[in-house]
Amino acid sequence: FSKSYLSTERESDGTPVYDFLSNKDQLYSQIQEEIDKLRKDDGVDYIILLTHVGKDVEEFTSNDILSHLKDVDAILDGHTHKVYNTLSKDKENKDIFIAQTGTKLANIGKLVIKTDGTLTSENINIVPEPEDKTGAKKINRGKADRWVDTEMNDLINQIYEKYSDELNVPIGYSDYDFIIRAEDTSDSQQIYCRSQECTLGNMIADAFREVIESNISYVNGGNVRDSLLKGNITRKDIIDIMPFFNSLFVKEITGEAFLNALEFGVSKLPEAFGGFPQVSGCTFYVNTSFKSTVETDENGMFIKVGGQRRVSNVKINGKPLVLTQKYNLSASEYILSGGDGFTMFSQFPSVNESIFTDGDAFGHFIKYNLNGKIPSDYQKLQNRINIDKKIE
């Protein structure tokens, strides 16, 4: 399966993989039939939809579904990791709550059905100090002090201890820190790898390219989630850096498709973008003195480059990129199947469906390709991505 948007899952001829994307009215009618049955035959008082599609992100959304339904009381949404409590119109133009709590338990959703039958919704991001501290304790987790349930905290610790031996086995060592963000912020939009070449991104991109043997690799900066600190490197460190367990694939693509990917990846500069490229086997220059001419659809999916390109002087392993030439590209299934809007790869066939996930490849690279020791070369940037520099 793919951790991407439903609308990007298409056959080679562009036909949606899932039938309901071609005939959404049929899906809406099936959902409505079930709602009507629950209301009339089963005497259900409240209908709350649990969805995992996101709101306002693509052609198939929670608010789009709601606009074709009636007698829904609320929607609890997911998938896009965003935080919202908002009202959206149903088929009868009624305002209905759609809520999503973000990711990694940053918030807890609270939906209240009042005695008069009305609903309220909110996201709770702070656990207050309890008046009765029986069964509660204060701990530091996620760089913040939190009140937690003692019994649940003990259960979490037991699960961690069960796997700690496996997670904490050293697979390598580093004499250097590879920091991905300023130490005084936890904001994911401040991660260096989302707007510039980063040292850890270089290393991961090399892992993707060398472990599954391709000409070039593309790592979306949003896939790099934590720093790698000096000392022993463990499996837990790898999971913290790349927690998504995306499968790796190799596709045979054209030079033009790769150029479009680079152009799309830098199109939001100077703003951060989860699709910003970290690359291996490739160098290029970026000119941000003018606005990107990349064209996308209403859902942010790449359509084409409509004018002057920001990206130039692309070289593949030291040789100029040839638009018509075929190259083997290694990347995560997320990117190759259209995640973050990268539609330019969907038409090309996979030539190697790797047994590795992204984290597995990185760990394998450190343990075997680097013989367990991070070389000093990775401590410095390697000028793979040259932003607003004079072309040499």
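Above: the structure in question.
As the structure is a prediction and not an experimental result, all values here were calculated from the model.

Conventions adopted
- Residues numbered from 1 in each chain as written.
- Predicted model: local features only at pLDDT ≥ 70, side-chain atom pairs only at ≥ 80, totals over all residues.
- Heavy atoms only, no water.
- Helix = DSSP H or I, 4+ residues; strand = E, 2+ residues; numbered from the N terminus.
- Rg over C-alpha atoms; globule rule 2.2 N^0.38 Å.
- Buried < 20%, exposed > 50% of the residue type's maximum accessible area, 1.4 Å probe, protein only.
- Contact = heavy atoms within 4.5 Å.
- Areas by Shrake-Rupley, 256 points an atom, 1.4 Å probe, with all protein chains shown as cover.
- Lys, Arg positive; Asp, Glu negative; His and termini not counted.
- Charge placed at Lys NZ, Arg CZ, Asp CG, Glu CD.
- Polar contact = N/O pair within 3.5 Å; in protein donor to acceptor, adjacent residues only side chain to side chain.
- Phe/Tyr/Trp six-rings, centres within 6.5 Å; stacked < 30°, edge-to-face > 60°.
- Lys NZ or Arg CZ within 6 Å of the ring centre and 35° of its normal.
- Expected span 1.5 Å × (residues − 1).
- Bend = angle between axes of the 7 residues up to and from the residue.
- Pairing = 2+ DSSP bridges.
- Axes fitted to C-alpha atoms, helices over the stretch in contact; angles between N-to-C directions.
- Disulfide = S-S within 2.5 Å.

When helices and strands are tallied, the protein shows nine helices and 21 strands. Compactness check: the protein gives a C-alpha radius of gyration of 24 Å against a globular reference of 21 Å for 392 residues, within 12% of the reference. Per-residue burial over the protein gives 45% buried out of 392 residues. Pairs at least 24 apart in sequence give 66% of the contacts found in the protein among residues at least 6 apart. Of the accessible surface of the protein, which amounts to about 20800 Å², a share of 48% is contributed by carbon and sulfur atoms. If the 44 positive side-chain charges of the protein are averaged to one point and the 60 negative ones to another, these points end up 5 Å apart.

As for its position among the elements, Lys-133 is in the loop between β6 (119-124) and β7 (136-141). Between the alpha carbons of Lys-133 and Leu-87 there is a distance of 36 Å; along the sequence they are 46 residues apart. A distance of 3.3 Å separates a polar atom in the side chain of Lys-133 from the backbone oxygen of Pro-130.

One pass over the structure, following the stated rule, counts four aromatic pairs. Taking the centre distance of 5.6 Å and the plane angle of 75° together, the rings of Phe-264 and Phe-273 count as edge-to-face. Of the two residues, Phe-264 and Phe-273, neither departs from the other in class, the shared state being buried. Taken together, a centroid distance of 4.9 Å and an interplanar angle of 75° make the contact between Phe-264 and Phe-342 edge-to-face. Placement of Phe-264 in helix α7 (residues 255-265) and of Phe-342 in the loop between α8 (333-336) and β20 (350-357) is noted, with a sequence separation of 78 residues between them. The residues Phe-264 and Phe-342 share a single accessibility class, namely buried. By way of ring pairs, the aromatic residues Tyr-218, Phe-264, Phe-273, Phe-302 and Phe-342 are connected into one cluster. Here the guanidinium or amino end of Lys-268 rests over the ring plane of Phe-273, the centre of that ring lying 4.2 Å away.

This part is about unusual backbone geometry. Residues Leu-269 and Pro-270 are joined by a peptide bond in cis, for which omega reads 10°. Tracing the chain through its elements places Pro-270 in the loop between α7 and β13 (277-280). Backbone geometry places Asn-371, a non-glycine residue, at a positive phi of 55°. By secondary structure assignment, the location of Asn-371 is in the loop between α9 (358-369) and β21 (385-387). Among the residues examined, Asn-371 registers a relative accessible area of 67% and is labelled exposed.

Between its first and last C-alpha atoms helix α4 (residues 150-167) spans 24 Å; for 18 residues at 1.5 Å apiece the expected length is 26 Å, and the two agree. Its maximal kink placed at Glu-161, α4 deviates by approximately 35°. Along α4, the positions that sit buried rather than exposed are Asn-153, Ser-164 and Leu-167. Backbone nitrogen of Glu-151 and a side-chain oxygen of the N-cap are separated by 3.1 Å at the start of α4; the cap is Asp-149.

Over its 12 residues, α9 runs 15 Å from end to end, which matches the ideal 16 Å to within 8%, given 1.5 Å per residue. Inspection of α9 places Asp-358, Gly-359, Ala-361, Phe-362, Gly-363, Phe-365 and Ile-366 among the buried residues, and these make up the whole buried set. Packing partners of the buried residues in α9 comprise β9 (170-174), α5 (199-211), β11 (231-234), α6 (235-241), β12 (247-254) and β20. Just beyond α9, the residue with positive phi is Asn-371, at close to 55°.

So, about the pairing of strand β19 (residues 326-332). Where burial is concerned, most of β19 is hidden: five out of the seven residues are buried. Bridge count between strand β10 (residues 216-220) and β19: two bridges; the pairing is parallel. When the sheet's bridge partners are listed, Ile-216 is paired in β19 with Leu-329. Bridge analysis of β12 against β19 gives seven bridges, and the strand direction is antiparallel. In the strand pairing of β19, Thr-254 is matched with Lys-326.

The five strands are arranged β13-β10-β19-β12-β20 in an open sheet whose pairing can be described as mixed. Each end of this open sheet is capped by a strand with a single partner; those strands are β13 and β20. Averaged over all pairs of adjacent strands, the angle between strand axes in this sheet comes to 25°, irrespective of strand direction.

Next up on the list: the state of the cysteines. Across all of its chains, the model carries one disulfide by this definition. Disulfide pairing is shown between Cys-193 and Cys-198; the S-S distance is 2.1 Å. Between Cys-193 and Cys-198, the S-S dihedral sits near 100°, and the bridge is therefore right-handed. Here Cys-193 and Cys-198 have matching classes, each one buried.

Judged by its relative accessible area of 0%, Phe-264 is buried. Between the C-alpha atom of Phe-264 and that of Thr-283, which follows or precedes it by 19 residues, the distance is 16 Å. Among residues more than four places away in sequence, those in contact with Phe-264 are Phe-273, Val-294, Thr-296, Gly-300, Phe-302, Asp-340, Gly-341, Phe-342 and Met-344.

The pairing of strands in a sheet happens through backbone hydrogen bonds and is either parallel or antiparallel. A sheet is described by the order of its strands in space; here four strands give the open sequence β1-β2-β4-β3, paired in mixed fashion. At either end of the open sheet lies a strand with only one pairing partner, and these are β1 (48-50) and β3 (83-89). Neighbour-to-neighbour, the strand axes of this sheet turn through a mean angle of 20°, independent of strand direction. Bridge analysis of β1 against strand β2 (residues 74-76) gives three bridges, and the strand direction is parallel. Bridging across to β2, Leu-49 finds its partner in Ile-75.

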